[in-house]
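Results of the structural survey
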Amino acid sequence: MEALILIVVFLALGLSILIAQEIHERKKSKNTDETAVSTPQNTEDGECCGQHLVCERDSLLNRSTEIEYYDDEELDALSGIAAANYTEEQVKAINEVFYTLQEKDVAGWVRSLQMRNIDLPQEVKEEALLIVSERRQKH
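From a predicted model like this one, the values you see are computed outputs, not experimental measurements. All residue numbers refer to positions counted from 1 along the written sequence of the respective chain. Per-residue local features are limited, in this predicted model, to residues with pLDDT of at least 70; the limit for side-chain atom pairs, both in listing and counting, is 80 or more; totals at the level of whole chains, interfaces and linings are taken over all residues. Note: side-chain values were computed over all heavy atoms of the structure, leaving out hydrogens and water.

Regarding the packing of aromatic side chains
A pair of aromatic rings is counted whenever rings of Phe, Tyr or Trp (Trp by its six-membered ring) have centres within 6.5 Å, and the orientation is called stacked for planes under 30 degrees apart, edge-to-face for over 60 and tilted otherwise. In the structure shown here, the tally under the stated rule is two aromatic pairs. Ring geometry for F98 versus Y99: centroids 4.9 Å apart, planes at 70°, classification edge-to-face. An aromatic cluster is present here, built from F98, Y99 and W109 joined pairwise through their rings.

Dropping the structure here:
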């Protein structure tokens, strides 16, 4: 009978330890997620350090009110126009900027366009999202 009680006690103790570890890991994971969103960290060369889930460099969310231009000031003329209403020349202007960007600048450029109320043509939007997604997976 004593052996049975000891086995039950050890099982209960082991289960308690497992539950405590799971709770600790969840809290730790939650804190890491919150830190990742609120305090992006970059290395000196501007690349993501990999210590957080959402890198500001590869995020499409607007975190600041400052607009960064990518030698694309001429695109401001497209502000407020739906992409479906762009002329061939306007689409060509967007493509010229997009296809000259470095991969690391795509997310920032898209954020800049969002802040300037410039709509991307669907094809460019899909390619930009693919590039940003691939960069996130690398980090």
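Now that the structure has been shown, the text picks up again.
Topic: the pattern of salt bridges
For salt bridges, the criterion is a side-chain nitrogen of Lys or Arg within 4 Å of an Asp or Glu carboxyl oxygen. Per the stated rule, a full pass over the model turns up four salt bridges. Residue R116 pairs with D76 through a salt bridge whose shortest N-O separation is 2.7 Å. Pair noted here: R116 is in the loop between α3 (106–115) and α4 (122–138) and D76 is in the loop between α1 (2–38) and α2 (88–98), with a separation of 40 residues, a long-range link. Classification of residues uses two cut-offs on accessible area relative to the type maximum, computed with a 1.4 Å probe and protein chains only: under 20% is buried, over 50% is exposed, and between them is partly exposed. Residue classification places D76 among the partly exposed residues on the basis of a relative accessible area of 30%. Taken together, the shared-partner salt bridges connect D72, D76 and R116 into one network. Only DSSP runs of H or I with at least four residues qualify as helices, and only runs of E with at least two residues qualify as strands; both kinds are numbered from the N terminus onward.

Some points on the nonpolar core
Counting 20 residues, the largest nonpolar core has L75, I94, F98, V106, W109 and L120 as the members making the most contacts within it. Taken together, the elements giving at least two residues each to this core come down to α2, α3 and α4. Looking at which element gives the most residues to this core, the answer is α3, with five residues. By definition in these notes, contact holds between two residues if any of their heavy atoms fall within 4.5 Å. Not counting residues within four places of it along the chain, the set of residues in contact with V106 comprises F98, L101, A128, I131 and V132. Within this scheme, the nonpolar core is defined by two criteria: the residues are buried Ala, Val, Leu, Ile, Met, Phe, Trp, Tyr or Cys, and they are joined through side-chain atoms within 4.5 Å.

Keep in mind these values describe shape, not function.
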